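# Per-entry structural report
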There are 2 protein chains.
Amino acid sequence: MITFFNHLHAAHQGRMEMFRGRLVPCYEVPNRADYVLQELQVRPLGAVQQPAQWADSHIERIHEKPYLDFLCTAWDRWLALDSANAEVDILPSVWPGPTLRRDVQPQNFSAQVGLYCFDAGTPLTAGTWQAARAGADCALSAAQAVLDGEKLSFALSRPPGHHAGANFYGGYCFLNNAAIAAEHLRQGGAEKVAVLDIDYHHGNGTQACFYDRSDVFFASVHGDPVTEYPFYLGYADETGVAAGVGANLNIPLPRGTDYARWAQALDAALDAITRYGVQALVLSLGMDTFEGDPISGFKLRSDDYFQVGARLARLALPVVVIFEGGYAVREVGINAVNLLHGLAKA
Amino acid sequence: MITFFNHLHAAHQGRMEMFRGRLVPCYEVPNRADYVLQELQVRPLGAVQQPAQWADSHIERIHEKPYLDFLCTAWDRWLALDSANAEVDILPSVWPGPTLRRDVQPQNFSAQVGLYCFDAGTPLTAGTWQAARAGADCALSAAQAVLDGEKLSFALSRPPGHHAGANFYGGYCFLNNAAIAAEHLRQGGAEKVAVLDIDYHHGNGTQACFYDRSDVFFASVHGDPVTEYPFYLGYADETGVAAGVGANLNIPLPRGTDYARWAQALDAALDAITRYGVQALVLSLGMDTFEGDPISGFKLRSDDYFQVGARLARLALPVVVIFEGGYAVREVGINAVNLLHGLAKA
């Protein structure tokens, strides 16, 4: 396995997020990635490298240019409004709800934030663009490694990506690293690719990126959106549109699901991927299926992740692993590396 | 003139709203209505009465039942989640942005808030339903007074209403009092009705209620949504759809507009209403066109409002006045009563 890591991830450090009516300290913190790196130093799995610097064109295959322009200029514009804004991260205050228009181009900064953002838990900070952009480089380098013949690569970056779409952010995510990696595999010659998302939360952004495409199969095992974030996508009846019909598989599971039941759902997703016939897998690796996660509801235990890795290995596909969520910060490292050992050594 | 006032308005007292990334004390405070009442006691314009209690069916002509069910049960559900929630008003944390579904029925409370709310400045509080419902009674009683032969009636209530739509709230608004009044005039026999909105902020909710209807003409003079709230509606190219084509007139004006320029726009709106030929007028009376308003950008002065009232009187229509925004709290009373004197005595 080869791991791509960039210390710039720590430039994204949100201060407060809106959670159940209150501003609370952010759950998605730099230590999350650092603990995984530490654990990989204790139980190594190959080289840890800096990513290459990839051209924006690779990211623009997934994200719309005006959205990227907004992201990379947002902090400077925020500061230009009021120098006191340095003390406060950017959170949305208004957005186009029912009957309001998306086909407008407001100049107001808050209005632009609302066009692009779908929650109040995702502060855009001084270092967000720098961190997210470096994270996309990790994803691209990891995908390139597989194109170059590696069996397993790991983009260890943050912020996560799977809730972000072509022109929106939310759920702690800004650039969809999994989608960027999958598209890079396609551009590099893989005819069909699968993205498997095992984060506790449905990867709505990734699904949206590929929902009308047959060349990228998206499968997700996640908390039922009837009760779990992101609530408005991730239902079992979402099977794709147009050319993408049949290339989207959601397996929502109730809060409290334990490893035995979860593993059955995983196997169903793996079977579907096998039947679809792909040349490579992108794994959106969220560690918030862990029983100790503070904002999630599954019951997986640390030792279970070795078996998860072994199950994934049965696909016998090259795998690009993308680090997503997981908020039991100390255990994220142990659990992620357990899974990677299970996958690398099966 | 007859005024309908209900002390229950004060049951809605939001604590904090999200404004430019920060939680700040609410601008829309109970004193706003109380100062208008005080000024009406100093310079009376007829009786001040309690409204009748109207059946929900009158409100359901404008608002969808599931939305009303949500509003009237929200606070109890919020408390049931956590008794500590009594200390915190309800604000949204996630909502259906691009590619997310509205055709789902999440059980999660936060997810339901996000389905119905389009900004983070509109706390839903312990007394919101009680106050908004009493406000709708004021609007219905004011409309009924005109149906019964009054030339001028005034629903002095809060929270305001013109940003709320059939199934959404925001902009400090929950029930659209102006739309409820206009519909009541229609039900009571007025063949065509106009709603004129002179709040600084476009009345997106009212426009949305009647956008496909020819029997209610909507005209608004407001801050240009390119730079002013609500940003995503209120553009000049919005002229109605289906049967409503030609029955919607938006006149957006730039920040800094003074009375002379504003009055030209008002006259244009009044001319359009005259040409449309209606039997009654509902006036959405926002006082945030005042030069001293803390969150708006026009330059009207207190004395100008006498002339505004006189201009409106030239329509020679019975008028139901609905109290909307205006956040220069002290002057709201003086300015509103100046306008009402200008209107009543012209």
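Our structure's up above, just so we're on the same page.
Residues numbered from 1 in each chain as written. Chains lettered and ligands numbered in written order. Predicted model: local features only at pLDDT ≥ 70, side-chain atom pairs only at ≥ 80, totals over all residues. Heavy atoms only, no water.

### So, the relation of the copies chain B and chain A
In screw terms, the move from chain B to chain A is a rotation of 180° and a rise of 0.0 Å along the axis, fitting with an RMSD of 0.0 Å. Taken together, the rotation angle and the small translation identify this as a two-fold axis. In this assembly, 100% of the residues forming the interface of chain B have copies in chain A that are likewise at the interface, indicating an isologous arrangement. (Least-squares fit on C-alpha atoms with pLDDT ≥ 70 in both. Contact = heavy atoms within 4.5 Å.)

### Description of the sheet that holds strand β4 (residues 48-49) of chain B
Backbone-to-backbone hydrogen bonds join strands into a sheet, with any given pair of strands oriented parallel or antiparallel. All names here are of chain B. Read across the sheet, eight strands follow the order β4-β1-β5-β10-β9-β6-β7-β8 without closing on themselves; strand pairing throughout is parallel. Unpaired on one side and paired on the other, β4 and β8 (248-253) mark the two borders of the sheet. Here strand β7 (residues 216-223) pairs with β8 via six bridges, running parallel. Looking across to β8, one finds that Val221 is bridged to Ile251. Along the sheet, helix α6 (residues 177-187) makes contact with β6 (193-197), β7, β9 (280-285) and β10 (319-323), crossing β9 at roughly 175°. (Pairing = 2+ DSSP bridges. Helix = DSSP H or I, 4+ residues; strand = E, 2+ residues; numbered from the N terminus. Axes fitted to C-alpha atoms, helices over the stretch in contact; angles between N-to-C directions.)

### A few points about helix α10 (residues 329-344) of chain B
With 16 residues, α10 of chain B extends 23 Å from end C-alpha to end C-alpha; this agrees with the ideal 22 Å at 1.5 Å per step. Along α10 of chain B, the residues that are buried comprise Val329, Val332, Gly333, Asn335, Ala336, Val337, Asn338, Leu339, Leu340, His341, Gly342 and Leu343 of chain B. (Expected span 1.5 Å × (residues − 1). Buried < 20%, exposed > 50% of the residue type's maximum accessible area, 1.4 Å probe, protein only.)

### Some thoughts on the pairing of strand β3 (residues 22-25) of chain A
Residue and element names in this part refer to chain A. Sheet topology places strand β2 (residues 16-19) next to β3; four bridges connect them, and they run antiparallel. Directly across from Met18, in β3, lies its bridge partner Leu23. If you look at the hairpin formed by β2 and β3, you'll find two residues sitting between the two strands, and Arg20 has a positive phi there, around 50°.

### Focus: the interface of chain B and chain A
Opposite the 49 residues of chain B that make contact, chain A presents 49 residues. Summed over both sides, the interface of chain B with chain A buries roughly 4400 Å², with 65% coming from carbon and sulfur. Considering only the surface of chain B that becomes buried against chain A, Trp95, Arg101 and Tyr232 of chain B emerge as the three largest contributors, covering 20% of it. Our enumeration of links across chain B and chain A arrives at four salt bridges. Put simply, chain B and chain A have 26 residue pairs in polar contact (both at pLDDT 80 or more) between them. Element by element, the count of residues in the side of chain B that touches chain A is highest for helix α4 (residues 109-116) of chain B, at four residues. Among the residues forming the side of chain B that touches chain A, the class breakdown is 28 nonpolar, 13 polar and eight charged. (Buried area = accessible area lost by both parts, 1.4 Å probe. Salt bridge = Lys/Arg side-chain N within 4 Å of Asp/Glu carboxyl O. Polar contact = N/O pair within 3.5 Å; in protein donor to acceptor, adjacent residues only side chain to side chain. Nonpolar A, V, L, I, M, F, W, Y, C, P; charged D, E, K, R; others polar.)

### Focus: the sheet that holds strand β10 (residues 319-323) of chain A
All names here are of chain A. Spatially, β4-β1-β5-β10-β9-β6-β7-β8 is the arrangement adopted by the eight strands of the open sheet, whose pairing is parallel. Two strands close off the open sheet at either side, each with one partner strand: β4 (48-49) and β8 (248-253). Bridge count between strand β1 (residues 2-5) and strand β5 (residues 152-156): four bridges; the pairing is parallel. Bridging from a neighbouring strand, Ile2 pairs with Ser153 of β5.

### Digging into the environment of His201 of chain B
All names here are of chain B. Checked against the element boundaries, His201 lands in the loop between β6 and α7 (204-210). By relative accessible area, His201 is classed as buried at 7%. For His201 and Gly326, which are 125 residues apart along the polypeptide, the C-alpha to C-alpha distance reads 9.9 Å. Setting aside its immediate chain neighbours within four residues, His201 contacts His162, His163, His222, Tyr229, Asp288, Ile295 and Ser296.

### Focus on the packing of helix α4 (residues 128-147) of chain A against helix α5 (residues 177-187) of chain A
All names here are of chain A. Interaxial distance between α4 and α5 falls to 9 Å at its minimum, and their mutual angle equals 35°. For the pair α4 and α5, the sense of crossing is right-handed. On α5, the residues touching Ala132, Gly135, Ala136, Ala139, Leu140, Ala143, Gln144, Val146 and Leu147 of α4 are Asn177, Ile180, Ala181, His184 and Leu185. Of the residues assigned to the contact of α4 with α5, the class counts are 10 nonpolar, four polar and no charged. (Left-handed = near helix turned anticlockwise from the far one by under 90°.)

### Examining α4 of chain A
Along an α-helix, a turn takes 3.6 residues, which lines up residues three or four apart on a common side. The first and last C-alpha atoms of α4 of chain A sit 28 Å apart over 20 residues, in line with the 28 Å expected at 1.5 Å per residue. Remark: Gly149 of chain A follows α4 of chain A within two positions and exhibits a positive phi of approximately 115°.

### Description of the pattern of salt bridges
Here the structure, examined in full by the defined rule, presents 34 salt bridges over all chains. Linking Arg101 of chain A and Asp237 of chain B is a salt bridge whose minimum nitrogen-to-oxygen distance equals 2.9 Å. Placement of the pair is Arg101 of chain A in the loop between α2 (65-81) and α3 (109-116) and Asp237 of chain B in the loop between β7 and β8, with the two residues belonging to separate chains. The exposure class assigned to Arg101 of chain A is buried, which follows from its relative accessible area of 17%. Asp237 of chain B gets classed as exposed once you look at its relative accessible area, which sits at 52%. As a salt-bridge pair, Glu183 of chain A and Arg213 of chain A come within 2.8 Å of each other at their nearest N and O atoms. Highlighted residues: Glu183 of chain A in helix α5 and Arg213 of chain A in the loop between α6 (204-210) and β7 (216-223), separated in sequence by 30 residues. On the accessibility criterion, Glu183 of chain A (7% relative accessible area) is buried. By relative accessible area, which is 21% here, Arg213 of chain A ends up partly exposed. Connected via shared salt-bridge partners are Arg101 and Asp103 of chain A together with Asp237 and Glu238 of chain B.

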